Amino acid sequence: MQTSFTPEQLEDPHVAESEKILRRCVHCGFCTATCPTYVTLGNELDSPRGRIYLIKDMLENGRAADEEVVTHIDRCLSCLSCVTTCPSGVDYMHLVDHARVHIENTYRRPLIDRLIRSLLAAVLPYPARFRTALTLAKFGRPFAPLLKQVKALRPLAAMLYLAPQSAPVRQETVMRGAQPIRGIRRGRVAILSGCAQSVLDPGINSATIRLLARFGIEVILPEGEGCCGALVHHMGREEEALDFARRNVDVWTREIDNKNLDAIIITASGCGTTIKDYGHMLRLDPAYAEKAARVSALASDITEYLSTLDLPRQEQRRLNVAYHSACSMQHGQKITLAPKLLLKNAGFTVRDPAEGHLCCGSAGTYNILQPDISAELKARKVKNIEATKPDVIATGNIGCMTQIGSGTAIPIVHTVELLDWAYGGEKPAKLTFAKEPAKH
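Anyway, here's the lowdown on the structure attached to this text. (Residues numbered from 1 in each chain as written. Predicted model: local features only at pLDDT ≥ 70, side-chain atom pairs only at ≥ 80, totals over all residues. Heavy atoms only, no water.)

1. Here we look at the overall build of the chain
The following threshold applies: By the criteria applied, helices consist of DSSP H or I runs no shorter than four residues and strands consist of E runs no shorter than two, each listed in order from the N terminus. Using C-alpha atoms as the atom set, the radius of gyration is obtained and then compared with a globule rule of 2.2 Å times the number of residues to the power 0.38. Exposed residues in this analysis have more than 50% of their type's maximum accessible area, buried residues have under 20%, and partly exposed residues fall in between, with area computed by a 1.4 Å probe over protein chains only. Two residues qualify as a contact provided that any one of their heavy atoms is within 4.5 Å of a heavy atom in the partner residue. Computed by Shrake-Rupley with a 1.4 Å probe, the accessible areas treat only the displayed protein chains as cover when residues are assessed.
Helix and strand content of the chain: 25 helices and 9 strands. A globule of 440 residues ought to have a C-alpha radius of gyration of about 22 Å, and the chain, at 22 Å, matches this closely. Oriented by its inertia axes, the alpha-carbon framework of the chain measures out at about 65 × 50 × 45 Å. Relative to its full complement of 440 residues, the chain shows a buried share of 57%. A separation threshold of at least 6 residues defines the contact pool for the chain, and within that pool the share at least 24 residues apart is 73%. Here the chain displays about 19100 Å² of accessible surface, and carbon together with sulfur accounts for 55% of that area.

The structure is reproduced here in C-alpha cells:
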C-alpha cells in the first residue's frame, strides 16, 4: 500500500512504525474471510482491510478521529485472526493499538460512553474494587432489562448480566512468596496473579501451583505485581497501560536478578499476549526497554511451559473435552497444539469445534462495550461447541470462560484445572455432574 506521510510526520516513532505496517498491506482481502465482525456484519469498514484504510486516511492527514472512524475501530475485537490469515505479514495488532491511542487523544466520546469506560478502567484492573463491584451487582441486576432498552446504557446491562450471581469465594490458600514443592526442585517460576481472574476464578492459579509443585517446580508470587495492563491498553489509555507494565517489569526484574527465573507463567492468555509485548510497548523508554524485553522473553503460557516438562502419559478417561482456543492464544501467541496435546496425553478425548478461528465475542471489555455484536458471536460459538457433544469445555482464558459459560449449561473450566485433576489433584468443582473417569 502506498503512503504519503511527510518527513515531519515520520519523525514521530509511532507514526513511522504505522507507516511501515501500512506499506505491507497489498489489499488482498484474505483477512475479510476470517474477521468475526466482517463475517457478522458484512460491512467492508468492519473488516481489517477497511479499518486499515480508515487508519491510513486519519494518520496521513494528521486529523483527529471522527465518529465514523471511532465506530469501526471500536467494533474491532483485536482477536488478531487477520494476522494469522494475512499472507503479507501485516502487523495489524500494533497498527490498531496506535489508532486507539490516537482516538483516545483526539476524540471526545459522548458523556455516557466516557463514564462507562472510566468505570471499567477504574474497577476491573483492581481486584479489591472488582470484588466489591461484583458484590454490589446483585442489587443492580433487576434493572438490567430496563437498561438494555436504552442503547447508550446497554454496556451497563451487559455488565450486570455477565456478573456471577454471587462473588466467588476468596481463596486464602495461595500466599505471597515461594510455594512448597515435592521432591527435587526442577525449576523456579513466577506466576501472574493478575486482576479479574484472581477474583472470578482464583482456583485456576491454585490448580497451576499444585500441578507445578507435583513436578518439582517452585512457584513464587512476588509482592507488587498486578494487572498486566491489557484492559486499559485496548481502550487506548496507553499511559495507564504502560504504568501497569512498568510496575510488573520492576517486580519481575527484581526476582530475575535476585534468584533467577525460568519463566513467568501466565494462566490468562489475554494477559500473556500483552506481557509478551512489553518489550515493544516500552521500547522507547530508555529506563525500561531492556528490562521489558527480558520479561517478555520469559513470559510463557502455562501450557507452553508444561509442554517442556515431559509429563507422563495417563490412561484414557471417559470424558469428552471441547477445546476452545482463545484468540489471544492461537492468534496472539501462536499456541495451537500444546494445550490439546497436553489434554490428550492426560487421558481426555479432545474435540475441535467448527470455526475455531472465530472469536467468542469476549475480547477483554468488548462483551460490555459492544454487547450486540458480542452476543451474536457468542451464540455462534456456543452452537459450534455444543455440536461436538462434549462433557466439558476447556480453554485458557478467563474472558472466554465467562463469555461462553453465560451461553451454555455445559461446564467450562481452564485447561490447567483438567490437567491438575489428571495428575493427582481434585476434580474441578464444576464437573460434579460430569462422567467419572474410567477405573484404572
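Picking up after the structure, the text goes on.
2. A few points about empty space enclosed by the protein
Filter applied, for reference: Cavities and pockets were defined on a 1 Å grid built from protein atoms only: a cavity is a group of points that admits a 1.4 Å probe but offers it no way out, a pocket is an open group of points flanked by protein on both sides within 12 Å along at least five of seven lines, and a lining residue is one with an atom within 4 Å of any such point. Grid points are joined across faces, edges and corners, and a volume is the space filled by probe spheres set on the points. Polar here means any residue other than Ala, Val, Leu, Ile, Met, Phe, Trp, Tyr, Cys and Pro, which are nonpolar, and Asp, Glu, Lys and Arg, which are charged; Gly is therefore polar.
Tallied over the entire structure, the rule returns 3 cavities of 30 Å³ or more. Forming the walls of the largest cavity are 16 residues, and the residues nearest its centre are Cys25, Cys31, Ile52, Cys86 and Val90. Per-element accounting of the lining of the largest cavity gives the leading share, 3 residues, to helix α4 (residues 48-60). By residue class, the composition of the lining of the largest cavity is 12 nonpolar, 3 polar and 1 charged. In this structure, the second largest cavity occupies an estimated 70 Å³ of space. For the lining of the second largest cavity, the secondary-structure elements that each account for two or more residues are α3 (36-41) and α4.

3. Observations concerning the environment of Ser328
Selection criterion: N or O atoms closer than or at 3.5 Å make up a polar contact, with two conditions inside protein: a donor-capable atom paired with an acceptor-capable one, and, for residues adjacent in sequence, both atoms drawn from side chains.
Within the secondary structure layout, Ser328 lies in helix α20 (residues 327-332). For the pair Ser328 and Ala363, spaced 35 residues apart in sequence, the C-alpha to C-alpha distance is 8.6 Å. Here Ser328 is in contact with Ser269, Gly270, Thr273, Gln333 and Asn397, once residues within four sequence places are set aside. A polar side-chain atom of Ser328 sits 2.7 Å from a polar atom in the side chain of Ser269.

4. As for the pattern of salt bridges
What counts here: Here, a salt bridge means any Lys or Arg side-chain nitrogen found within 4 Å of an Asp or Glu carboxyl oxygen.
For the coordinates displayed, the defined rule picks out 27 salt bridges. Between Asp74 and Arg109 there is a salt bridge, with its nearest N and O atoms 2.8 Å apart. Of this pair, Asp74 sits in helix α5 (residues 67-74) while Arg109 sits in the loop between α7 (92-106) and α8 (111-123), and the two are 35 residues apart along the sequence. Residue class for Asp74 comes out buried when judged on its relative accessible area of 16%. The class for Arg109 is buried, based on a relative accessible area of 8%. Of the charged contacts, one joins Lys276 and Glu304 as a salt bridge, the two residues approaching to 2.7 Å between their closest N and O atoms. Taken together, the residues Lys276 in the loop between α16 (269-275) and α17 (278-281) and Glu304 in helix α19 (residues 302-306) connect sequence positions 28 residues apart. Taking relative accessible area as the criterion, Lys276 reaches 25% and is therefore assigned partly exposed.

5. Overview of the packing of aromatic side chains
For any pair of aromatic rings, the description rests on two quantities: the centre-to-centre distance and the angle between the ring planes. Let me state the cut-off plainly: Put simply, two rings from Phe, Tyr or Trp (the six-membered ring, in Trp's case) pair if the centres are within 6.5 Å, and we call them stacked under 30 degrees between planes, edge-to-face over 60, tilted for the rest.
This model, assessed by the stated rule, comprises 3 aromatic pairs. A ring pair is formed by Tyr126 and Phe244, whose centres lie 5.9 Å apart and whose planes are at 50 degrees; its orientation type is tilted. Of this pair, Tyr126 sits in the loop between α8 and α9 (127-140) while Phe244 sits in helix α15 (residues 238-259); the two residues are 118 residues apart in sequence, bridging distant segments of the chain. Overall, the relative accessible area of 28% leaves Tyr126 in the partly exposed class. Judged by its relative accessible area of 6%, Phe244 is buried.

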